[in-house]
Amino acid sequence: GAVVSQHPSRVICKSGTSVKIECRSLDFQATTMFWYRQFPKQSLMLMATSNEGSKATYEQGVEKDKFLINHASLTLSTLTVTSAHPEDSSFYICSAPGRFTDTQYFGPGTRLTVL
Amino acid sequence: GDSVTQMEGPVTLSEEAFLTINCTYTATGYPSLFWYVQYPGEGLQLLLKATKADDKGSNKGFEATYRKETTSFHLEKGSVQVSDSAVYFCALRSYGKLTFGQGTILTVHP
């Protein structure tokens, strides 16, 4: 089946630095990708919808200048957490819709820890 | 707004035990309902879905019925296996957006 990969799987950084997370669709093209954030023992919260060739659409309450999203090609979307702080520590997951209605393929997630 | 509430875990069972993970939802419109499963180190995978009231989704021995009157979509399996150990997420899709429950960790012991 379709596979979505994320890189890195785990990253630890110092406060104030920026971190880039990549999301790739490995065997299909995705004009749209979704970025989620998951806190421990909580549900996945949609952060933004990444659109190839145009600006991302952010959910209410998500700072677009802090979470920069670039969908540079039909197989790659990146999320950059700028000037990261400890409260940004979380599990970030991306997904891409499949060809059929209601199909979503999820990446394995990226664990970000900001010291 | 839309919301999904799942039974809190973790849930620990012995092999061949009966499994129920409760899920209730609040939504506008007529949502589709899903159960996703996440095995260690992997991304969420669709386990089953139901798109309208009274539909039953089933896969790999798991079942869930879309109950509009009780706004529920409880996941059941008659006899769990060790390989079923994973995190299970209930979700709804309404107006193109997925809303997830908080996930339930299931551990099955031999």
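This write-up is about the structure you can find in this document. Just so it is clear, the structure is predicted and the values come from calculations on it, not from any experiment. (Residues numbered from 1 in each chain as written. Chains lettered and ligands numbered in written order. Predicted model: local features only at pLDDT ≥ 70, side-chain atom pairs only at ≥ 80, totals over all residues. Heavy atoms only, no water.)

Digging into the pattern of salt bridges
All names here are of chain A.
Right, on to step 1. This model, assessed by the stated rule, comprises 6 salt bridges over all chains.
Right, on to step 2. With its nearest N and O atoms 3.4 Å apart, the salt bridge here joins Arg 24 to Glu 22.
Right, on to step 3. The class of Glu 22 is partly exposed, set by a relative accessible area of 23%. (Salt bridge = Lys/Arg side-chain N within 4 Å of Asp/Glu carboxyl O. Buried < 20%, exposed > 50% of the residue type's maximum accessible area, 1.4 Å probe, protein only.)

Overview of the pairing of strand E7 (residues 56-59) of chain B
Residue and element names in this part refer to chain B.
Right, on to step 1. The pairing of E7 with strand E8 (residues 62-65) spans 4 bridges and is antiparallel. Bridge pairing in E8 links Ser 58 to Glu 63.
Right, on to step 2. Joining the antiparallel neighbours E7 and E8 is a turn of 2 residues, in which Lys 60 adopts a positive phi near 55°. (Pairing = 2+ DSSP bridges. Helix = DSSP H or I, 4+ residues; strand = E, 2+ residues; numbered from the N terminus.)

Description of the sheet that holds E7(B)
The strands that make up a sheet are held in pairs by hydrogen bonds between backbone atoms, and each pair lies either parallel or antiparallel.
Residues and elements named next belong to chain B.
Right, on to step 1. Taken in spatial order, the 4 strands line up as E3-E9-E8-E7 in an open sheet, and their pairing is antiparallel. Of all strands in the sheet, those with a lone pairing partner are strand E3 (19-21) and E7, marking the two edges. Direction aside, neighbouring strands of the sheet carry axes that sit 15° apart on average. (Axes fitted to C-alpha atoms, helices over the stretch in contact; angles between N-to-C directions.)

Some details on the interface of chain B and chain A
Right, on to step 1. Counting from both sides, the interface comprises 17 residues of chain B and, opposite them, 16 residues of chain A.
Right, on to step 2. Approximately 1,300 Å² of surface area, both sides summed, lies buried where chain B meets chain A, with 54% of it carried by carbon and sulfur atoms.
Right, on to step 3. Connecting chain B to chain A are 1 salt bridge.
Right, on to step 4. In this structure, the connection of chain B to chain A is made through 2 residue pairs in polar contact (both at pLDDT 80 or more).
Right, on to step 5. Elements with a minimum of two residues in the side of chain B that touches chain A: strand E5 (32-38), strand E10 (86-94) and strand E11 (97-100) of chain B. (Contact = heavy atoms within 4.5 Å. Buried area = accessible area lost by both parts, 1.4 Å probe. Polar contact = N/O pair within 3.5 Å; in protein donor to acceptor, adjacent residues only side chain to side chain.)

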